[in-house]
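Here is how the chains run, residue by residue.
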There are 2 protein chains.
Amino acid sequence: MLGGPSVILVEPQLGENIGTAARAMLNFGLTDLRIVNPRDGWPSEKAQTSSSGADLVIDNVRVFETTEEAVADLKFLYATTARPRDMFKREATAREAAFEMREAIDASDKVGILFGAERHGLSNADVTLAQTVIAIPVNPAYASLNLAQAVLLVAYEWFQSGTHQHADGNAGGRARLGSKTEPMASNQDLVHLFEHLEGELDAAGFLRPPEKRPNMVKNLRNIFQKAQLREQEVRTLRGVIKSLTVFARQKALDEFNKKNK
Amino acid sequence: MLGGPSVILVEPQLGENIGTAARAMLNFGLTDLRIVNPRDGWPSEKAQTSSSGADLVIDNVRVFETTEEAVADLKFLYATTARPRDMFKREATAREAAFEMREAIDASDKVGILFGAERHGLSNADVTLAQTVIAIPVNPAYASLNLAQAVLLVAYEWFQSGTHQHADGNAGGRARLGSKTEPMASNQDLVHLFEHLEGELDAAGFLRPPEKRPNMVKNLRNIFQKAQLREQEVRTLRGVIKSLTVFARQKALDEFNKKNK
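Every value quoted in this text rests on a predicted model; they were computed, and no experiment measured them.

K.L.:
Describe in detail the sheet that holds strand β5 (residues 90-93) of chain A, supporting the description with residues and values.
P.N.:
Residue and element names in this part refer to chain A. Taking strand neighbours across the sheet as the criterion, the 7 strands line up as β3-β2-β1-β6-β4-β7-β5 in an open arrangement whose pairing is parallel. Two strands close off the open sheet at either side, each with one partner strand: β3 (62-64) and β5. Each strand axis lies, on average, 30° off the axis of its neighbour in the sheet, ignoring direction. Packed onto the sheet, helix α5 (residues 94-106) meets β4 (76-80), β5, β6 (111-115) and β7 (132-135) and runs at close to 105° relative to β5. Against the sheet, helix α7 (residues 147-162) contacts β1 (6-10), β4 and β6, and its axis sits at roughly 155° relative to β6.

Here it is, written out as structure tokens:
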């Protein structure tokens, strides 16, 4: 899972942001961090502290004097920009870019993503080095992503593009139920549960009048079908029904006996 | 673009994190922030400062004493968890959940997302209130998302699910169960149902011994949460419980009287 595109921070100002960016990267399996001309020098104690143990990234940072040098070995380069540039440039969302990058890396091409300084972003000269601009769609009325958040989102998309469920570019995949290996109830288990419940409800006069019974039974069964019950859950529900009915009878008798003592 | 799911922070510790979460929300068009029992009280100057002008969110925060109160009006509730829980629970990725939430909100159902405290996440009781657990796929060798980052990613997915590029994205929306017009049960309806059932089961001595009660209650509630009950279905189930218990008592007395005539 490790590897992936290189992240290049161009002239970052705060060590904290470098550390938080490193942490964001490692959360999503990115390890190659390159820094162009960090304002407060390198190594940075603040970066170290705020990276929360992302040593694999921080310890292997490479520092360059110019963006050109930092990206010299890369085949595909993306530039993240917040503000629109007055350039003709290929654009992609972070999600689209993630799938493209994965294709390139699968083909053994090296890929990198440029992030600009906190205050003013990338220079036009830096953006020009890239083939593609990544725009992160954001609320136009309030766009205030910081450097580490932008790295987080791009890294997140990279990671998601590699998970099985998204391998074909769809966000699809059916929601799963828990991670437990507890077996699902069989249809027979369910029918026994339904018959137990319906038997008690018939006795209680709940499933009346007769012409409405089929529909009421259908609705009740559907409630439990929706829950996709496991074997253990069917046993629990049968215990609940038995407990409610048997106990209620016993309690009524006890109270009656107490009164008539 | 504004609106969307409510974000509920349960017992957050640091004002900074509340502010950063508010900022993450507004970046992606979310505005309804609810806080359960913030450790350092509310309002919080630190939250204000770190929200970087996300006043629309911060100024409208509502504070609650319990999670139940905070989510009482919501129809669909999601719980974000980092560590796996020992529960049978419907699971979705942040992306899948975003598409589901949008469908629900388009159908005028209120939706919320629970986020736990920085240190220990959500309690099992809080997770049990939700129908679905959101897991953010992350590098298993280094999973260190903080609270505001988790909010950022979930909000990001919310916003992306509404952008044109994924409008037809086959995003694995909820298999809508049954007719859309039947309203979903609110969280409050569900809690009343649970309390009704658990009250009867306590009386019947089913939820024993006491040290096992919390786990038994958790498992039972999760069965019904998985069913994603509608209002009508909750009424049916309450009728079932009442019928089983009241009728069983009556029947026992009738039989007793018959014998002793």
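K.L.:
Please provide a residue-by-residue account of the interface of chain A and chain B, values included.
P.N.:
The partner chain B presents 81 residues to the 78 residues of chain A that form the contact. Of the roughly 6800 Å² buried where chain A meets chain B, counting both sides, 63% is carbon and sulfur surface. Sorting the residues of chain A by area buried against chain B places Arg95(A), Tyr142(A) and Lys226(A) first, and these three jointly supply 11% of that buried surface. Where chain A touches chain B, the interface holds 3 salt bridges. Where Arg95(A) meets Glu157(B), a salt bridge forms, and the shortest distance between an N and an O atom there is 2.7 Å. Our count for the contact surface shared by chain A and chain B stands at 20 residue pairs in polar contact (both at pLDDT 80 or more).

K.L.:
Explain the domain arrangement of chain A residue by residue, including any values.
P.N.:
Each domain of chain A was delimited in the assignment, giving domain 1 (6-173) and domain 2 (187-259). Here the C-alpha centroids of domain 1 of chain A and domain 2 of chain A sit 58 Å apart.

About the criteria used
- Residues numbered from 1 in each chain as written.
- Chains lettered and ligands numbered in written order.
- Predicted model: local features only at pLDDT ≥ 70, side-chain atom pairs only at ≥ 80, totals over all residues.
- Heavy atoms only, no water.
- Pairing = 2+ DSSP bridges.
- Helix = DSSP H or I, 4+ residues; strand = E, 2+ residues; numbered from the N terminus.
- Axes fitted to C-alpha atoms, helices over the stretch in contact; angles between N-to-C directions.
- Contact = heavy atoms within 4.5 Å.
- Buried area = accessible area lost by both parts, 1.4 Å probe.
- Salt bridge = Lys/Arg side-chain N within 4 Å of Asp/Glu carboxyl O.
- Polar contact = N/O pair within 3.5 Å; in protein donor to acceptor, adjacent residues only side chain to side chain.
- Domains from an automatic or database assignment.

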